[in-house]
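Each chain is listed here by its residues.
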Amino acid sequence: MGENLLEVRRLSHTYTVNRHMTVKALDDVSFSINKGEIFGVVGESGCGKSTLARCVMNLLRPTAGEIFYQGINISDKKQVRANRPLLQTSRQLIFQDSVSGLNPRMRVADIIAEPMQLHRIRPPRGSYRAEAEFQMRHVGLDASYLDKYPPELSGGMRQRVAIARALSMEPSLLVADEPVASLDVSIQAQILNLFRHLQAEHGFTFLFIAHDLSVVKYLCDRVAVMISGKLVEVAPVAELFSDPRHPYTKALLSAMPIPDPRLERSRTPTVFDPAAAPLTGALTEVSPAHFVLTEGGAADA
Amino acid sequence: MRSRVFTLGKNLLIFALSLAILSVAVFYVARLAPGDPLASYYGSRVEKLTPEARFAAEERLGLHDPIIVQYFKWLRGALRGDFGISFQYKRPVVEVIGGRIGNTLALGGIGFALTFALALLLGVFCAGHEDTFLDKLICKVGTVTGCIPEFWLSLVLILIFDIYLGLLPGSGAYSVGKADDLGDRAAHLLLPLAVVVLGHLWYYAYMIRNRMLEEIRADYVLLAKSVGLPDRKILFRHCLRNCMPTYLSIMAISVPHIIGGTYIVETVFSYPGVGTLSYESARYQDYNMLMVLTLLTGAVVILCNLVAQTVNARIDPRGRAAETEVTADVR
Amino acid sequence: MSEILQVKNLSVSFFTPHGEVEAVRDVTFSLQSGEVLAVVGESGCGKTALCKSIMKLLPDTARIKSGSIAVCGADITDYTDRDMRKLRGRLYSMILQNPMTALDPTVPVGRQVAEAVLVHHPRMDKEAVRRRVLELMTLVGLDNAQARCQQYPHSLSGGMLQRCVLAIALAGEPQILFADEPTTALDVTVQAQILDLLREIQQRLGTATVLVTHDFGVVARAADRVAVMYAGRIVEIGTAEDIFYDPRHPYTVGLLRSLPYFAAPGEPLYTVPGMPPTMIDPPPGDAFAPRNVYALEIDYQEAPPMFQISDTHFAAAWLLDPRAPRVDLRAGGVRRG
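This one's a predicted model, so the numbers in the text were calculated from it and none came from an experiment.

*Asks:* Please clarify how the overall build of chain C should be interpreted in this entry.
*Replies:* Scanning chain C from terminus to terminus reveals 10 helices and 12 strands. Across its three principal axes, chain C shows a C-alpha extent of roughly 70 × 50 × 40 Å. Once local pairs closer than 6 in sequence are excluded, the contacts in chain C between residues at least 24 apart make up 66%.

Rendered as structure tokens:
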């Protein structure tokens with residue numbers, strides 16, 4: 001195993017709905033991501049995976065627990081303040097909704113160059129425009145789109161622009177929250193290939209959040225499964241799909257639609273019954289690098 | 001239950017605090033304005049006063065005390081229900097206002113009701129006939145009419161109906177000697193009323209139209225249509241119903257808007273209402289009158305806003321439920 | 001089985017300020033009672049417009065330019081909105097993509113189902129309506145129906161809401177059910193349940209279902225027959241087996257091959273090059289030609305007709321013409337193992 005880039009320790013986040021009600025979006029979540037790894041987080045809506053991404057990006061303050069990024073405790077205000085430039089440039093976020101993520105009144109060239117300008121980074125290729133053009137080519141877009149506005153682009157192109165903007169900062173950690181969920185099949189394949197290609201080239205670490213298991217299976221090295229703010233299983237991707245241990249993981253895998261009529265119709269999805277498998281306990285290593293939430297267990301993923 | 005009491009208490013506190021702040025501000029600002037308060041008390045006689053007599057008169061009205069002292073003197077009286085006398089009318093302020101408020105309530109109240117009834121009708125009609133000729137016509141006419149300043153519209157109407165045609169009276173609340181004639185009063189009300197309604201109607205009609213269109217384009221309308229519910233039923237049973245919270249809160253918020261409009265209209269038509277009174281009191285440094293009128297208007301405005309908030313929270317099942325269960329889709 | 005819907009050479013256009021959008025172009029297909037036909041395609045391919053034009057729920061800016069729609073033998077192409085109202089609900093109804101917005105948020109769900117029941121039985125008495133509502137709620141698998149009826153949409157989960165929507169849609173015992181992406185907004189575990197429910201109801205009531213989706217997993221689970229749409233046309237139609245195991249149109253093959261499920265670990269995904277054309281002034285010939293690596297010259301000149309491959313399987317690609325060169329479309333292998 002390589003060096004840790006990100007380590008999350010006993011992270012919890014609680015939303016306050018009103019005076020009487022709070023919701024635990026993250027409940028005692030621990031894991032770590034190695035340098036250069038593509039780490040997937042899967043779960044259904046409301047499981048806390050987006051909250052996790054936001055905590056990692058310092059967009060939300062965790063209620064409890066710590067997050068270490070390159071050894072910096074980013075849940076500590078003082079340390080964040082001291083390392084602000086590094087933290088802001090080396091972590092980048094890509095949203096699902098590339099429509100709302102891009103300012104519709106800015107040209108593509110300006111959108112891509114904006115983070116560089118904000119952080120006063122001298123463009124290595126002479127001008128900001130040249131830099132934007134380079135990044136555009138990099139993500140497979142023609143330079144003729146530089147002067148377009150986001151509404152003139154298709155969904156796949158907008159997602160590419162969002163990726164180009166994130167990559168212009170040469171991040172070491174890229175957090176992507178459902179980046180392909182709103183895209184069509186053929187465009188989704190293009191973007192997934194792009195991610196793979198760019199990751200191999202730059203070697204950035206990738207926190208990839210998704211609900212589509214087949215996408216995660218294709219792209220990720222390791223996968224974490226979440227439900228109701230709890231991390232229930234973490235394993236290398238092949239092992240998770242071949243040997244799921246937690247009942248919820250099993251239910252999720254059995255419900256994953258398979259594009260093969262004969263096979264698909266022969267399957268009956270198992271239903272996860274929270275009463276039968278309580279979401280308590282701690283992660284236990286069942287085989288090398290494979291952790292499952294077990295009652296009474298104790299270990300660190 | 002406890003939370004309801006809490007909310008009520010909180011609202012009352014907000015209400016009292018806002019009024020207190022308002023009263024201080026008006027008290028201070030009114031005294032900054034140039035002009036001679038004695039002029040309104042003594043009329044043209046003020047010019048003939050000897051400096052000594054003038055000083056004595058000012059002393060009697062308490063104008064020599066520091067502003068803070070004046071304010072607390074006023075406040076002590078006000079809390080006991082004594083708002084002082086009007087410099088101009090030399091009668092207790094409350095009495096003067098009481099004699100006039102009926103006129104304003106008639107003009108403002110009927111104007112308000114008419115504005116909103118018509119706005120709802122027009123709004124729903126236009127939304128139901130979106131992009132037809134009539135819809136476009138109404139929207140265009142509305143845009144143009146809504147842009148005309150009220151005082152100018154008033155003058156034009158007076159010119160046409162009173163001066164050229166002689167059909168309707170253009171000033172006052174009743175003809176001399178006909179104070180008890182309801183028909184005469186109604187005739188005097190018509191032109192000011194028309195201005196109040198025409199000045200505000202379009203904006204609200206347009207708001208309702210857009211809100212209705214938002215509902216009409218919702219998915220549930222498509223579903224209802226697809227199972228064969230008649231359009232009219234969908235429009236009235238669902239869309240209109242769902243617009244009601246917005247409608248009611250717009251209504252509550254717009255009260256000050258319409259009050260403001262009424263004041264201008266009253267002044268142009270020399271209609272003896274509270275609006276003319278507040279204009280005069282500001283013009284002639286009638287401090288006591290100005291205080292009461294401003295506070296009265298302020299109280300109505302704040303009250304309406306609080307009502308709007310409460311109505312909104314009560315009428316929507318999502319708002320009602322938010323107090324008891326979790327609805328937020330927490331991701 | 002009998003044919004209950006027949007669409008012939010249907011073309012539908014939207015007239016927008018930017019020009020005429022040819023959303024549906026020359027579409028022909030038929031639907032048997034009791035079958036599930038999946039219409040698959042990427043966004044903007046005209047699948048939703050096709051359904052809405054059959055249901056006559058198109059906005060005013062759209063017009064049926066040519067072709068005919070026949071339901072149970074009756075030609076409804078020129079029916080007015082008033083005529084259609086009698087058919088809607090009884091003949092067909094629909095369920096929508098997002099159950100969260102498909103119900104009126106301020107009315108308890110039971111009342112909304114009752115309203116749909118009353119459309120078809122205006123004189124039904126209160127007690128009978130109540131019983132019918134409970135029956136429908138049970139039919140769609142809502143447990144504790146009585147209590148559910150009193151609840152407002154916001155307090156139900158997505159899956160439960162979609163069941164309520166289905167109850168409303170089934171109130172008039174429709175012959176055809178249009179389901180526009182019925183599971184896209186739902187979680188994976190709920191998705192399978194809703195699809196199975198759709199199948200179960202279709203088998204129990206004999207309802208035919210038109211299932212619009214972009215997800216081949218959904219198609220595989222629920223569809224008897226599949227129509228693949230591209231740029232307003234049906235490019236391939238056949239049974240689920242035909243389409244999944246023996247796709248003949250290069251677009252179908254490309255779509256299937258680009259699914260991550262079929263990808264070999266470590267290898268890049270297959271991608272269909274390029275992007276779908278805009279439907280304002282679509283190019284002449286086969287709209288897919290610019291993205292088709294096997295495109296022939298004629299593809300750029302003339303739109304291909306439907307070639308019959310078997311009794312059930314048709315595809316519109318010049319490659320199927322006897323004169324065309326033989327190519328192996330699945331040169332990467334669609335199926336793995």
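Having put the structure on the table, let's press on.
*Asks:* In this structure, what is going on with the interface of chain C and chain B? I would like to understand it.
*Replies:* For interface size, the figure often reported is the accessible area lost on association. Across the boundary between the two partners, chain C contributes 27 residues, which contact 20 residues of chain B. At the level of elements, strand E6 (92–95), helix H3 (109–120) and helix H6 (158–170) of chain C are the ones that each hand at least two residues to the side of chain C that touches chain B. Class assignment for the residues of the side of chain C that touches chain B results in 14 nonpolar, 8 polar and 5 charged.

*Asks:* Sorry if this is basic, but what is going on with the packing of H3 of chain C against H6 of chain C here?
*Replies:* For any two helices packed against each other, one specifies the inter-axial angle together with the distance between the axes. Residues and elements named next belong to chain C. Here H3 crosses H6 at 20°, and the two axes come no closer than 8 Å. In terms of their interaxial angle, H3 and H6 are classed as roughly parallel. Seen from above, H3 lies across H6 with right-handed handedness. For the pair formed by H3 and H6, the contact residues are Val109, Gln112, Val113 and Ala116 on the first element and Cys164, Ala167 and Ile168 on the second. The class makeup of the residues in the contact of H3 with H6 is 6 nonpolar, 1 polar and no charged.

*Asks:* What am I meant to see in unusual backbone geometry here?
*Replies:* Glycine aside, residues mostly have negative phi, and peptide bonds are mostly found in the trans state. A positive phi is found at aspartate 28 of chain A, a non-glycine position, where the angle reads about 55°. Mapped onto the elements, aspartate 28 of chain A comes out in strand E2 (residues 21–34). Given 18 C-beta atoms within a 10 Å radius, aspartate 28 of chain A is considered partly exposed. Positioned with a positive phi, cysteine 72 of chain C is a non-glycine residue whose angle comes to about 50°. Its location among the elements puts cysteine 72 of chain C in the loop between strand E4 (62–71) and strand E5 (74–75).

*Asks:* For this particular structure, what's the right way to read the environment of glutamine 88 of chain B?
*Replies:* Positionally, glutamine 88 of chain B belongs in the loop between helix H4 (67–79) and helix H5 (93–128). Residues glutamine 88 of chain B and threonine 50 of chain B lie 38 residues apart in sequence; the distance between their C-alpha atoms is 20 Å.

*Asks:* Got a minute to help me understand the sheet that holds E5 of chain C in this structure?
*Replies:* Within a sheet, neighbouring strands are paired by backbone hydrogen bonds and run either parallel or antiparallel to one another. All names here are of chain C. Read from one edge of the open sheet, 4 strands run E2-E1-E4-E5, paired in antiparallel fashion. The sheet is open, and its two borders are formed by strand E2 (19–32) and E5, each paired with just one other strand. For strand E1 (residues 3–16) and E2, the ladder comprises 10 bridges, and the chain directions are antiparallel. Paired with valine 7 across the bridge in E2 is phenylalanine 29. Where helix H1 (residues 47–55) meets the sheet, its contacts fall on E1, E2 and E4, and the angle it forms with E2 comes to roughly 70°.

*Asks:* Sorry if this is basic, but what is going on with the nonpolar core here?
*Replies:* What tends to happen in soluble globular proteins is that the nonpolar side chains get buried as a cluster. With 233 residues, the main nonpolar core has Val113 and Val165 of chain C as its most contacted residues. With 12 residues, helix H8 (residues 182–216) of chain B is the single largest residue contributor to this core. Discounting residues that sit within four places of it in the chain, valine 165 of chain C has contacts with Leu223 of chain B together with Ile95, Leu96, Pro99, Ala102 and Leu103 of chain C. Counting 12 residues, the second largest nonpolar core, distinct from the first, contains Val274, Tyr287, Met291 and Val292 of chain B.

*Asks:* Would you take a moment to explain the packing of H5 of chain B against helix H10 (residues 231–268) of chain B for this structure?
*Replies:* Residue and element names in this part refer to chain B. Where H5 meets H10, the axes come as close as 9 Å, and the angle between the chain directions of the two elements is 145°. Regarding H5 and H10, the two cross each other, and that crossing is right-handed. Where H5 approaches H10, its residues Thr104, Leu107, Gly108, Gly111, Phe112, Thr115, Phe116, Leu120, Val124 and Gly128 are matched on the opposing element by Leu235, Leu240, Tyr247, Met251, Ile258, Ile259, Thr262 and Glu266. Here the contact of H5 with H10 is built from residues that sort into 11 nonpolar, 6 polar and 1 charged.

*Asks:* Mind showing me how you'd approach the interface of chain C and chain A here?
*Replies:* At the interface, 31 residues of chain C touch 29 residues of chain A. Where the side of chain C that touches chain A is concerned, the elements lending two or more residues are helix H7 (188–205), helix H8 (216–222), helix H9 (240–245) and helix H10 (250–257) of chain C. Top element by residues in the side of chain C that touches chain A is H8 of chain C. It accounts for 5 residues. Looking at the side of chain C that touches chain A residue by residue, the class counts come to 18 nonpolar, 8 polar and 5 charged.

*Asks:* Is there a simple way to think about the sheet that holds strand E11 (residues 282–287) of chain A in this case?
*Replies:* Residues and elements named next belong to chain A. Taken in spatial order, the 8 strands line up as E6-E7-E8-E3-E9-E10-E12-E11 in an open sheet, and their pairing is mixed. Two strands bound the open sheet, and with one partner strand each, they are strand E6 (91–94) and E11. Direction aside, the axes of adjacent strands within the sheet are offset by 20° on average. The sheet contact formed by strand E10 (residues 230–236) and strand E12 (residues 290–294) spans 2 bridges and is antiparallel. In the strand pairing of E12, glutamate 233 is matched with valine 292. Where helix H11 (residues 247–255) meets the sheet, its contacts fall on strand E9 (222–227) and E10, and the angle it forms with E9 comes to roughly 100°.

*Asks:* Whenever I open this one, the environment of tyrosine 261 of chain C confuses me. Can you help?
*Replies:* Relative to the elements of secondary structure, tyrosine 261 of chain C occurs in the loop between H10 and strand E11 (307–308). We classify tyrosine 261 of chain C as buried; it has 20 C-beta atoms within 10 Å. With 145 residues separating them along the chain, tyrosine 261 of chain C and alanine 116 of chain C place their C-alpha atoms 41 Å apart. If we ignore the near neighbours within four places in the chain, the residues touching tyrosine 261 of chain C are Ser214, Ile258 and Pro259 of chain A.

*Asks:* Whenever I open this one, the pairing of E6 of chain A confuses me. Can you help?
*Replies:* Moving residue by residue along a regular strand, the side chains alternate between the two faces of the sheet. All names here are of chain A. Residues Arg91 and Leu93 line one face of E6 and the alternating positions Gln92 and Ile94 line the opposite face, and both faces are buried. Judged from the 4 bridges that link them, E6 and strand E7 (residues 173–177) form a sheet pairing that is parallel. Each residue of the ladder has a partner; that of arginine 91, found in E7, is leucine 173.

*Asks:* Just to check I follow, could you spell out the pairing of strand E4 (residues 64–69) of chain A for this structure?
*Replies:* All names here are of chain A. Sheet topology places strand E1 (residues 4–18) next to E4; 5 bridges connect them, and they run antiparallel. Bridge pairing in E4 links serine 12 to alanine 64. By the bridge criterion, 2 bridges tie E4 to strand E5 (residues 72–73) in an arrangement that is antiparallel. Paired with phenylalanine 68 across the two strands is asparagine 73, which belongs to E5.

*Asks:* For this particular structure, what's the right way to read the environment of aspartate 212 of chain A?
*Replies:* Residue and element names in this part refer to chain A. Here aspartate 212 is to be found in the loop between strand E8 (205–210) and helix H9 (213–219). A count of 20 C-beta atoms within 10 Å places aspartate 212 in the buried class. Remark: the alpha-carbon pair of aspartate 212 and glutamine 190, spanning 22 residues in sequence, is separated by 16 Å.

Conventions and cut-offs
Residue numbers run consecutively from 1 along every chain, following the written order of its sequence. As a convention, the first chain written is A and the first ligand written is 1, with the rest following in written order. Owing to the predicted nature of the model, reporting of local features is limited to residues with pLDDT of at least 70; listing and counting of side-chain atom pairs is limited to 80 or more, with chain, interface and lining totals taken over all residues. Elements are defined by DSSP. Helices are runs of H or I of four residues or more, strands are runs of E of two residues or more, and each kind is numbered from the N terminus. By the convention adopted here, residues are in contact when the distance between their C-beta atoms, placed from the backbone, does not exceed 7 Å. In this count, Pro and Cys sit with the nonpolar residues alongside Ala, Val, Leu, Ile, Met, Phe, Trp and Tyr, while Asp, Glu, Lys and Arg are called charged and the others, Gly among them, polar. For helices, the axis comes from a line fit to the C-alpha atoms of the stretch in contact; other axes are also lines fit to C-alpha atoms, and the angle between any two N-to-C directions lies between 0 and 180 degrees. Orientation categories follow fixed angle ranges, with anything under 35 degrees roughly parallel, anything over 145 roughly antiparallel, 65 to 115 roughly perpendicular, and all other angles oblique. When the near helix sits turned anticlockwise from the far one by under a right angle, the crossing is termed left-handed; a clockwise turn instead gives a right-handed crossing. Counts of 20 or more other C-beta atoms within 10 Å of a residue's own C-beta define buried residues, counts of 12 or fewer define exposed ones, and intermediate counts define partly exposed ones; C-beta atoms are placed from the backbone. If DSSP finds at least two bridges between two strands, the strands pair. Take the buried Ala, Val, Leu, Ile, Met, Phe, Trp, Tyr and Cys residues, join any whose C-beta atoms are within 7 Å, and the set you get is a nonpolar core.

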